[in-house]
Amino acid sequence: MTRPRVLVTRAWPETVEAELARRFDVTLNPADAALAPERIRAALGEYDAILPTVTDRLGAEMFDRPGIRTRILANYGVGFAHIDTAAAAARGIAVTNTPDVLSDCTADLAMTLLLMAARRAGEGERELRAGEWTGWRPTHMIGTKVSGKTLGIIGFGRIGQAMAARAKGGFGMRVLVQNRSAVAPEVLETHGAGQVASIEALLPECDFVSLHCPGGAENRNLLDARRLALMRPGAILVNTARGEVVDEAALAAALHAGRLGGAGLDVYAGEPRVPDALLTAPNTVLLPHLGSATRETREAMGMRVIANLDDFFAGRPPHDRVA
Ligand code: DGY
């Protein structure tokens, strides 16, 4: 029996690549260079499955070609706004993602950013490494307390809930939630969280705001200048969701003006480009999209992709089908 032809667009953890090679006629990308759009478009005519990541844009124009062979896009990652799922579905292509397995590590990183921005950890480390630390003094590099403060979470899916568990359980924070749909009362109760009706109602209540909603066109500039102005003076924004959710120019302006107390960002609208205005913004911690970057999670994400492919090619509905 011929094995499905599978294209992996980036280098994956070795254990997962070995598992893929056992099951499929797989083409790997050991050089790990992002594939050009034309290459991916051509691959749609050559492979039964393509395994993209957030660095591969699969817009509607990609699917506008004759002779498509690909039947499934098994995305490595939970966010799939880089794939036009409607256009894929219109060509009979299934799309899957990798939820659950990255919730803990992404929430850990969101909490890392929150703590780093609150306690000026990036700034402190830079000062020490530059040889500029003159010793302990009562007024040196004063940050803001985290324990007992109010955290607003926008988007209360699995990662948002994992963030709430850390904030509430680890730091005794009050948690307020804004979510598109009503969150089940028992879920709110588990996290000791309260749901508010709108982002406008949430922002003025919070010392920290952490974004956990999907990206894509529907949430582009969800936090625009008007909404950023509703945040408490000195509040800190954390974004481990998608860069496009925040108007980066407006955020940078609020940080430079000292209106906001800081920001912790892991994602950017035009990755890997980071706007100069953010690079120079005060008390802003910037990480290179590391949310799910632990060995355990990256392997688990790969195994989740394999489970989806196994189901799909065996004629069963893949667990994580999103289109
Ligand atoms: C995710 O899983 O969505 C990560 O951000 C990588 O795409």
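The preceding data block contains the structure.
Conventions we followed
Here the residue index of a chain counts from 1 through its sequence in written order. Note on the predicted model: pLDDT of at least 70 is required for a residue's local features to be given, and 80 or more for side-chain atom pairs to be given and counted; whole-chain, interface and lining totals, by contrast, use all residues. Values shown for side chains rest on all heavy atoms present in the structure; no hydrogens or waters enter the calculation. Working definition: helices are DSSP H or I runs of at least four residues, strands are E runs of at least two. Numbering for both runs from the N terminus. Atoms counted for the radius of gyration: C-alpha only. Globule rule: 2.2 Å times residue count to the power 0.38. The buried label applies to any residue whose accessible area, calculated with a 1.4 Å probe on protein chains only, is under 20% of its type's maximum; exposed applies above 50%, and partly exposed to all values in between. Only heavy atoms matter for contacts: two residues are in contact if any of them lie within 4.5 Å across the pair. Here, Shrake-Rupley sampling with a 1.4 Å probe gives the accessible areas, and only protein chains in the shown set may cover a residue. We call a residue near a molecule or strand as soon as one heavy atom of that residue lies within 4 Å of the molecule or strand. Any pair of nitrogen or oxygen atoms within 3.5 Å is treated as a polar contact; in protein, a donor-acceptor pairing is required on top of that, and neighbouring residues in sequence qualify only through side-chain atoms on both sides. Between N-to-C directions, angles span 0 to 180 degrees; the directions come from axes that are lines fitted to C-alpha atoms, helices contributing only their stretch in contact. With respect to orientation, any angle under 35 degrees is reported as roughly parallel, any angle over 145 as roughly antiparallel, any angle of 65 to 115 as roughly perpendicular, and every other angle as oblique. With the far helix as reference, a near helix turned anticlockwise by less than a right angle produces a left-handed crossing, and one turned clockwise produces a right-handed crossing. Throughout this entry, Asp, Glu, Lys and Arg are counted as charged residues, while Ala, Val, Leu, Ile, Met, Phe, Trp, Tyr, Cys and Pro are counted as nonpolar. The remaining residues, Gly among them, count as polar. Following DSSP output, two strands are said to pair if at least two bridges run between them. Each salt bridge in this description consists of a side-chain nitrogen of Lys or Arg and a carboxyl oxygen of Asp or Glu lying within 4 Å of one another. Ring pairs shown here join Phe, Tyr and Trp side chains whose ring centres sit within 6.5 Å, with only the six-membered ring taken for Trp; geometry is labelled stacked below 30 degrees between planes, edge-to-face above 60, and tilted in between. For a helix, the expected span equals 1.5 Å multiplied by the residue count minus one.

**Brief notes about the overall build of the chain**
Turning to step 1, where the next piece is worked out: Along its length, the chain carries 13 helices and 12 strands.
Turning to step 2, where the next piece is worked out: Computed over C-alpha atoms, the radius of gyration of the chain comes to 21 Å, within 12% of the 20 Å expected from 2.2 N^0.38 for 323 residues, which places it in the range of a compact globule.
Turning to step 3, where the next piece is worked out: Taking the principal axes of its C-alpha atoms as reference, the chain extends roughly 70 × 50 × 35 Å.
Turning to step 4, where the next piece is worked out: Out of the 323 residues belonging to the chain, those deemed buried represent 49%.
Turning to step 5, where the next piece is worked out: The contacts of the chain with a sequence gap of at least 6 include a subset with a gap of at least 24, amounting to 62%.
Turning to step 6, where the next piece is worked out: For the chain, the accessible surface area stands at approximately 14800 Å², while carbon and sulfur atoms represent 54% of it.

**Quick look at the site of the ligand**
Turning to step 1, where the next piece is worked out: Near the ligand, the surroundings consist of V54, G77, V78, G79, L102, R242 and H289.
Turning to step 2, where the next piece is worked out: Between V78 and the ligand, the recorded distance is 2.7 Å, taken from a backbone N or O atom to an oxygen atom.
Turning to step 3, where the next piece is worked out: Separating an oxygen atom of the ligand from a backbone N or O atom of G79 is a distance of 2.8 Å.
Turning to step 4, where the next piece is worked out: Isolated, the ligand exposes 230 Å² of accessible area, and the fraction of that covered by the protein chains is 87%.

**Some words on the packing of helix 1 (residues 14-23) against helix 13 (residues 295-313)**
Turning to step 1, where the next piece is worked out: Two elements in contact, helix 1 and helix 13, have axes whose closest approach is 9 Å; the angle formed by their N-to-C orientations is 15°. As the angle between them shows, helix 1 and helix 13 are arranged roughly parallel. Helix 13 is crossed by helix 1, and the crossing has right-handed handedness. Across the interface between the two elements, T15, V16, E19, L20 and R23 from helix 1 touch E299, G302, M303, I306, L309 and D310 from helix 13.
Turning to step 2, where the next piece is worked out: The residue inventory of the contact of helix 1 with helix 13, partitioned by class, reads 5 nonpolar, 2 polar and 4 charged.

**Notes on the sheet that holds strand 1 (residues 5-8)**
Turning to step 1, where the next piece is worked out: In space, the 5 strands of this open sheet follow the order 2-1-3-4-5, with parallel pairing throughout. Both edges of this open sheet fall to strand 2 (25-27) and strand 5 (94-96), since each of them pairs with a single strand only. For this sheet, the mean angle separating the axes of adjacent strands, direction not counted, is 20°.
Turning to step 2, where the next piece is worked out: On the sheet, helix 13 packs against strand 3 (49-51), strand 4 (72-74) and strand 5 and is oriented at approximately 160° with respect to strand 4.

**Examining the pattern of salt bridges**
Turning to step 1, where the next piece is worked out: For the structure on display, the rule yields 21 salt bridges.
Turning to step 2, where the next piece is worked out: Ionic pairing is found between D104 and R166, a salt bridge with its closest N-O pair at 3.1 Å. Of this pair, D104 sits in helix 5 (residues 103-118) while R166 sits in helix 7 (residues 158-171), and the two are 62 residues apart along the sequence.
Turning to step 3, where the next piece is worked out: In this structure, R304 engages D320 in a salt bridge whose closest nitrogen and oxygen atoms are separated by 2.7 Å. With a gap of 16 residues between them, R304 in helix 13 and D320 in the segment after helix 13 connect regions that are remote in the sequence.
Turning to step 4, where the next piece is worked out: By relative accessible area, D320 is classed as buried at 5%.
Turning to step 5, where the next piece is worked out: A network of salt bridges, in which partner residues are shared, links E19, R22, R23 and D310.

**Remarks on the packing of aromatic side chains**
Turning to step 1, where the next piece is worked out: Following the criterion strictly, the structure yields 3 aromatic pairs and no others.
Turning to step 2, where the next piece is worked out: Their ring planes at 55° and their centres at 6.1 Å tell us that F24 and F313 sit as a pair that is tilted. With F24 in the loop between helix 1 and strand 2 and F313 in helix 13, this pair connects stretches of sequence that are 289 residues apart.
Turning to step 3, where the next piece is worked out: Overall, the relative accessible area of 25% leaves F313 in the partly exposed class.
Turning to step 4, where the next piece is worked out: Taking the centre distance of 5.3 Å and the plane angle of 85° together, the rings of F312 and F313 count as edge-to-face.
Turning to step 5, where the next piece is worked out: Cluster of aromatic residues (ring-pair linked, three or more members): F24, F312 and F313.

**Side note on the sheet that holds strand 10 (residues 236-239)**
Turning to step 1, where the next piece is worked out: Strand order in the open sheet made by the 7 strands is 8-7-6-9-10-11-12, with parallel pairing throughout. In the strand order of this sheet, the two ends are held by strand 8 (193-195) and strand 12 (284-286), each with one partner. The mean angle between the axes of side-by-side strands here comes to 15°, regardless of whether they run parallel or antiparallel.
Turning to step 2, where the next piece is worked out: As paired strands, strand 11 (residues 262-265) and strand 12 are joined by 3 bridges and run parallel to one another. Following the sheet pairing, G264 is matched in strand 12 by V285.

**Thoughts on helix 7**
Turning to step 1, where the next piece is worked out: Its 14 residues give helix 7 an end-to-end C-alpha distance of 19 Å, which sits within 8% of 20 Å, the value for a rise of 1.5 Å per residue.
Turning to step 2, where the next piece is worked out: Within the sequence span of helix 7, burial applies to I159, G160, A162, M163, A164, R166 and A167.
Turning to step 3, where the next piece is worked out: Structurally, helix 7 contributes buried residues whose contacts are with helix 5, strand 6 (150-154), strand 7 (174-178) and strand 9 (208-211).
Turning to step 4, where the next piece is worked out: Positive backbone phi, approximately 55°, marks G172, located one or two places after helix 7.

**Concerning the packing of helix 5 against helix 7**
In a pair of packed helices, the angle between the axes and the distance between the axes together describe the arrangement.
Turning to step 1, where the next piece is worked out: Look at helix 5 against helix 7: their axes get within 8 Å of each other, and the N-to-C directions meet at 55°. Here helix 5 is positioned oblique relative to helix 7, judged by the angle of their axes. The crossing of helix 5 and helix 7 is right-handed. Contact residues: helix 5 offers S103, D104, T106, A107, D108, A110, M111, L114 and L115, while helix 7 offers R158, I159, A162, M163, R166, A167 and F171.
Turning to step 2, where the next piece is worked out: Within the contact of helix 5 with helix 7, the residues separate by chemical class into 10 nonpolar, 2 polar and 4 charged.

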